[in-house]
Amino acid sequence: MSDKESQDSPAPNTNKREQVSRKITQLVDDLPLFPTDINQLLSTAVKPTEDGTEILRLIESDPKQGSRLLALARSYFGRAEDFESIEDAVKHVGIQPLVQLIGISYAREAIRQEFAALKYLNDYVDHGEDIYIASDILGGICSLPREQRQMHALAGLVHDVGRLAIMVAGNKTGARVLGTLWDRMVSIVHDEKAELGMDHCDVGARICRKWNFSPVIQEAVLRHHSPIMNGDFSFAGALIFLSHFVSASDPSGEILATLLATKVLNKLDLTAVDFERARDQYESRMRNNTMS
């Protein structure tokens, strides 16, 4: 090959990067939309003027959907005996978390169908549940009102959805679908950017936009590895970011000594004592979940 041909030919790594990037984009584009009634609920929920009246009307107009939502609300926001009606759930939790929760339930169905090739897909679901619990606990320690606390915590259930698209596009269907280890929370997105020109946070946020999830969930997914970026702080991203540290085992205390973790704690007005309290609550809830 001549020098000119060598200069004009793209590097093999560049070709591979472009191919995988195109596959990821196509995967996101091909993801199914939710049923019309669920799309309507989610699109209505993000209207600035919506006070919940129209959402409640839409839910009550479909008894089957109402029953499904009530079961989900009891599972995530209360105990089995809580919430005798949708109105009761709205009163105690707020309308917005209920809408996002039913959207996430449909997202999980789509994920199981579209990413069924992933051998360890259940790991993704389990990790999302862990981050949901940790984020809910942190929201409580931050004294968030219950509706805001649940809105932020729900992002934990879908925060890694972009990782699935990247794995399928890269033909890594047999790899473990695990959450990021705490010591790679920053480096992993840099590695993905270098390899693909995008990271799983970008891809996940794109999927959340496609599915009409709330701006809070979109931001949490986008910023859960970069809660502090060029001086800009994302509260939603910070809760999910720190939830990885809360849910990790840290017998040596290394996690709390991590520079970025300390900065995020400070931004959230949390102390080392608060962090340990969150970890104790997390471990307690996990034990209770195991016994139940």
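Provided above is the structure to which this section pertains.
Quick caveat, the model's predicted, so the values are computed rather than measured.

Another aspect to go through is the overall build of the protein. Helix and strand counts for the protein stand at 17 helices and two strands. Counting across all 292 residues of the protein, residues that qualify as buried make up 49%. Of the roughly 14,300 Å² that the protein leaves accessible, carbon and sulfur atoms contribute 51%.

All right, on to the pattern of salt bridges then. Scanning the entire structure with this criterion turns up 12 salt bridges. When the shortest N-O distance is used, the salt bridge between aspartate 136 and arginine 149 registers 2.7 Å. Highlighted residues: aspartate 136 in helix H8 (residues 121-141) and arginine 149 in helix H9 (residues 146-158), separated in sequence by 13 residues. Relative accessible area serves as the criterion here: at 5%, aspartate 136 is assigned to the buried category. One salt bridge in this structure joins lysine 193 and aspartate 199, with 3.9 Å as the shortest N-O distance. Using a relative accessible area of 6% as the deciding quantity, one classes aspartate 199 as buried. The network of salt bridges with common partners includes Asp136, Arg149 and Arg285.

Our next topic: the packing of helix H13 (residues 215-223) against helix H14 (residues 235-246). The geometry of H13 relative to H14 is characterised by a closest axis approach of 7 Å and an angle of 55° between their N-to-C directions. Put simply, H13 runs oblique to H14. Judged by the sense of rotation from one axis to the other, the crossing of H13 with H14 is right-handed. Side by side, H13 and H14 meet where Val216, Glu219, Ala220 and Arg223 of the first sit next to Phe235, Ala236, Gly237 and Ile240 of the second. Partitioned by chemical class, the residues of the contact of H13 with H14 number five nonpolar, one polar and two charged.

Right, let's talk about the nonpolar core for a bit. Ranked by internal contacts, the top residues of the largest apolar core, which has 87 residues, are Phe77, Phe115, Tyr124, Trp211, Phe213, Ile217 and Leu242. Leave out the neighbours within four places in its chain, and tryptophan 211 touches Leu31, Pro32, Leu33, Phe34, Leu42, Ala107, Ala110 and Ile111.

Attention shifts here to unusual backbone geometry. One non-glycine residue, serine 143, adopts positive backbone phi at about 60°. Locating serine 143 in the fold gives a position in the loop between H8 and H9. Within the chain, aspartate 269 stands out as a residue other than glycine whose phi angle is a positive 60°. Residue position: aspartate 269 is located in the loop between helix H16 (259-267) and helix H17 (272-291).

Attention now goes to the side chain of aspartate 123. Along the polypeptide, aspartate 123 turns up in helix H8. A polar atom in the side chain of aspartate 123 sits 3.2 Å from the side chain of arginine 176.

A few words now on helix H11 (residues 187-196). Of all the positions in H11, only Ile188, Val189, Glu192 and Leu196 are classed as buried. Along the axis of H11, the buried residues cluster in a sector spanning 95°; they form a single face. Among the exposed residues of H11, those pointing more than 90 degrees away from its buried face are His190 and Ala194. Phi turns positive, to about 80°, at glycine 197, one or two residues after H11.

Aromatic rings considered in pairs are described by the distance between their centres and by the relative angle of their planes. Scanning the model with the defined rule gives six aromatic pairs in all. Consider the rings of phenylalanine 34 and tyrosine 106, whose centres lie 6.4 Å apart with planes at 50°: the pair is tilted. Taken together, the positions of phenylalanine 34 in the loop between helix H2 (12-30) and helix H3 (36-45) and tyrosine 106 in helix H7 (residues 95-114) put the pair 72 residues apart, joining distant regions of the chain. Comparing phenylalanine 34 with tyrosine 106 shows no difference in burial state: the two are buried. Ring centres of phenylalanine 34 and tryptophan 211 lie 5.1 Å apart, and the angle between their planes is 25°; this geometry places the pair in the stacked category. Separated by 177 residues along the polypeptide, phenylalanine 34 in the loop between H2 and H3 and tryptophan 211 in the loop between helix H12 (200-210) and H13 bring together distant segments of the chain. A relative accessible area of 1% places tryptophan 211 in the buried class. Taken together, the ring pairs in this structure connect Phe34, Tyr106, Trp211 and Phe213 into an aromatic cluster. If you follow arginine 68 out to its NZ or CZ, it ends over the ring of tyrosine 106, 4.0 Å from the centre.

About the cut-offs
- Residues numbered from 1 in each chain as written.
- Predicted model: local features only at pLDDT ≥ 70, side-chain atom pairs only at ≥ 80, totals over all residues.
- Heavy atoms only, no water.
- Helix = DSSP H or I, 4+ residues; strand = E, 2+ residues; numbered from the N terminus.
- Buried < 20%, exposed > 50% of the residue type's maximum accessible area, 1.4 Å probe, protein only.
- Areas by Shrake-Rupley, 256 points an atom, 1.4 Å probe, with all protein chains shown as cover.
- Salt bridge = Lys/Arg side-chain N within 4 Å of Asp/Glu carboxyl O.
- Axes fitted to C-alpha atoms, helices over the stretch in contact; angles between N-to-C directions.
- Parallel < 35°, antiparallel > 145°, perpendicular 65-115°, else oblique.
- Left-handed = near helix turned anticlockwise from the far one by under 90°.
- Contact = heavy atoms within 4.5 Å.
- Nonpolar A, V, L, I, M, F, W, Y, C, P; charged D, E, K, R; others polar.
- Core = buried A, V, L, I, M, F, W, Y, C linked by side-chain atoms within 4.5 Å.
- Polar contact = N/O pair within 3.5 Å; in protein donor to acceptor, adjacent residues only side chain to side chain.
- Arc of directions from axis to C-beta.
- Phe/Tyr/Trp six-rings, centres within 6.5 Å; stacked < 30°, edge-to-face > 60°.
- Lys NZ or Arg CZ within 6 Å of the ring centre and 35° of its normal.

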